[in-house]
Amino acid sequence: MIAVDERLDLPSASSRERDSRCPGARNLIRKLAAAGQLVEEIHSWTESGTRIHAASEGHDVELEHDETVALETVEGRLAALRKELGVPDDAEELIEKRLWLYDGLRKIASGKPDRIWRFGSTSVIPDIKTGWGEVEPEETNLQFRGYAVLEYFDRPGVQRVIVAKVGAHGPKPKPVVYEEPDLLRAKDEWLAEVEACKQPDAPRVAGSIQCKYCPAKLHCPEAQAVVSQVASLTIHEPGLVVTNEQLVELLDRCSTAEKMVAVIRAEARRRLKDDPNSLPGWTLTPGRTTSKVVDLATVFSRCTAKGVTAEQFTAACSITKKDLTDVLKATTGLKGKALNAVIDEVLEGATEEKTSAPVLKRAEK
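Bear in mind that the values here come from a model prediction, so they are computed numbers and not experimental data. (Residues numbered from 1 in each chain as written. Predicted model: local features only at pLDDT ≥ 70, side-chain atom pairs only at ≥ 80, totals over all residues. Heavy atoms only, no water.)

Chemist: What am I meant to see in the overall build of the protein chain here?
Modeler: The number of helices and strands found in the protein chain is 13 helices and 7 strands. Considering only C-alpha atoms, the protein chain reaches an extent of 85 × 60 × 50 Å along its principal axes. Counting across all 365 residues of the protein chain, residues that qualify as buried make up 35%. In the protein chain, once contacts between residues fewer than 6 apart in sequence are set aside, the share between residues at least 24 apart is 63%. Working note: accessible area of the protein chain is about 22,900 Å², and carbon and sulfur atoms make up 54% of it. In the protein chain, 51 positive and 58 negative side-chain charges are present, and the distance between their average locations comes to 3 Å. (Helix = DSSP H or I, 4+ residues; strand = E, 2+ residues; numbered from the N terminus. Buried < 20%, exposed > 50% of the residue type's maximum accessible area, 1.4 Å probe, protein only. Contact = heavy atoms within 4.5 Å. Areas by Shrake-Rupley, 256 points an atom, 1.4 Å probe, with all protein chains shown as cover. Lys, Arg positive; Asp, Glu negative; His and termini not counted. Charge placed at Lys NZ, Arg CZ, Asp CG, Glu CD.)

Chemist: How should I be thinking about the sheet that holds strand β5 (residues 122–129) in this particular structure?
Modeler: Backbone hydrogen bonds are what pair the strands of a sheet, in a parallel or an antiparallel way. Spatial ordering of the open sheet is given by β1-β4-β5-β6-β7, a layout of 5 strands whose pairing is mixed. The two strands at the open ends of the sheet, each matched to only one other strand, are β1 (92–95) and β7 (176–179). The mean inter-strand angle of the sheet, taken between neighbouring strand axes irrespective of direction, is 20 degrees. Inspection of the sheet shows strand β6 (residues 160–167) paired to β7 by 4 bridges, in the antiparallel sense. Looking at the pairing, Val163 lines up with Val176 of β7. Most of the contacts of helix α4 (residues 65–85) go to β6, to which it runs at about 155 degrees, and overall it touches β1, β4 (115–119), β5 and β6. Against the sheet, helix α6 (residues 180–198) contacts β6 and β7, and its axis sits at roughly 85 degrees relative to β7. (Pairing = 2+ DSSP bridges. Axes fitted to C-alpha atoms, helices over the stretch in contact; angles between N-to-C directions.)

Chemist: How should I be thinking about the packing of aromatic side chains in this particular structure?
Modeler: To describe a pair of aromatic rings, you give the distance between the ring centres and the angle between the ring planes. Going through the model one piece at a time under the given rule, you end up with 2 aromatic pairs. Summarising the aromatic geometry, the rings of Tyr152 and Phe153 are spaced 5.0 Å apart at their centres and angled 85 degrees between planes, so their arrangement reads as edge-to-face. Under the relative-accessibility criterion, Tyr152 is labelled buried at 15%. The class of Phe153 is partly exposed, set by a relative accessible area of 38%. (Phe/Tyr/Trp six-rings, centres within 6.5 Å; stacked < 30°, edge-to-face > 60°.)

Chemist: Honestly, the pattern of salt bridges in this entry has me stumped. Any pointers?
Modeler: Opposite charge on two side chains permits them to pair, given that their charged atoms come into close proximity. A complete count under the given rule lists 23 salt bridges for this structure. Notably, a salt bridge pairs Arg145 with Glu189, separated by 2.9 Å at the nearest N-O pair. Residue Arg145 is located in helix α5 (residues 142–154), and its partner Glu189 is located in helix α6; the two are separated by 44 residues in the primary sequence. Given a relative accessible area of 15%, Arg145 falls into the buried group. On the basis of relative accessible area, Glu189 is assigned to the partly exposed category, the value being 30%. Taking the shortest distance from any N to any O, the salt bridge between Arg270 and Glu267 comes out at 2.6 Å. A residue pair is termed a helical-turn pair when its members lie 3 or 4 positions apart in one helix, as Arg270 and Glu267 do in helix α9 (residues 244–274) at 3 residues. Looking at Arg270, the relative accessible area reads 33%, which means it is partly exposed. Accessibility expressed as a relative area gives 10% for Glu267, which makes it buried. (Salt bridge = Lys/Arg side-chain N within 4 Å of Asp/Glu carboxyl O.)

Right, here's the structure in full:
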């Protein structure tokens with residue numbers, strides 16, 4: 001069961017992308033949580049993001065090489081953003097402070113920006129994104145819009161709020177400015193969403209964005225229906241039976257179905273591990289055993305005794321970029337982009353580039 005957190009089981013800025021597209025999700029999540037039927041998903045990328053965020057706030061955190069590079073990129077972009085927007089050195093900085101939206105004296109929603117810079121009548125909210133996943137651009141991002149609303153009503157005297165995505169990957173920040181009229185409209189918009197989610201008969205609508213992080217998707221009939229729809233689909237002659245417009249819709253369904261299939265299999269493995277008899281007709285079989293050469297020097301010595309030359313041996317061997325990174329990091333003591341420069345120097349002219357098949361990706365609006 002997922003315990004009620006500091007959000008007090010209320011809507012938050014970070015859940016707006018889901019709430020706006022699927023108003024009924026919150027009711028289902030609450031019902032399943034009360035019944036103890038929700039299992040919280042733990043992702044390696046969320047743990048990595050937590051470490052990078054902690055390091056950016058000054059905490060002593062041990063980071064992997066890629067995380068160090070991501071942190072350096074974030075810090076560089078934060079510094080550039082401060083300069084671009086004229087944020088003074090003595091600006092007040094708030095780090096991960098939860099802000100609340102009220103209806104009178106009653107809390108109805110909240111948000112916890114990574115940080116806020118306050119100066120004069122302006123507030124700047126740079127939101128740090130450390131993963132590779134797609135994020136809605138600033139001008140349409142409901143999470144950022146929610147942060148702007150919360151800051152406007154939390155800080156008396158503010159007349160302008162600027163939001164920006166500070167990503168460790170992808171494009172540089174593109175700040176969006178909210179003036180007072182924009183903020184008032186944005187508040188009304190959010191209040192309407194909150195009210196829609198409160199309705200007992202709020203509809204549930206499956207989709208790639210709203211289902212992506214929804215903890216109730218395994219139990220959601222609408223999300224399950226997408227899997228059966230895709231499974232029963234047959235395209236006999238592409239372009240003849242299915243139009244381009246229909247294919248776009250089907251691509252969206254495929255994305256949702258793929259995530260659902262992964263969740264279904266993960267939950268099945270979890271239940272079978274706890275109780276091998278829980279799923280009739282299904283069982284967990286032992287994983288495939290593989291072997292890895294860990295003492296290359298000994299193998300090389302034995303091969304040379306068999307007549308294998310050094311050239312023949314090295315031609316049959318390979319080293320991953322990660323392994324090379326670990327070796328050079330331990331040897332040079334460097335990290336981050338400084339280590340990347342050494343890696344590039346070592347690899348210059350010694351690699352072979354291969355391009356994978358083109359990847360389907362939703363174009364930015």
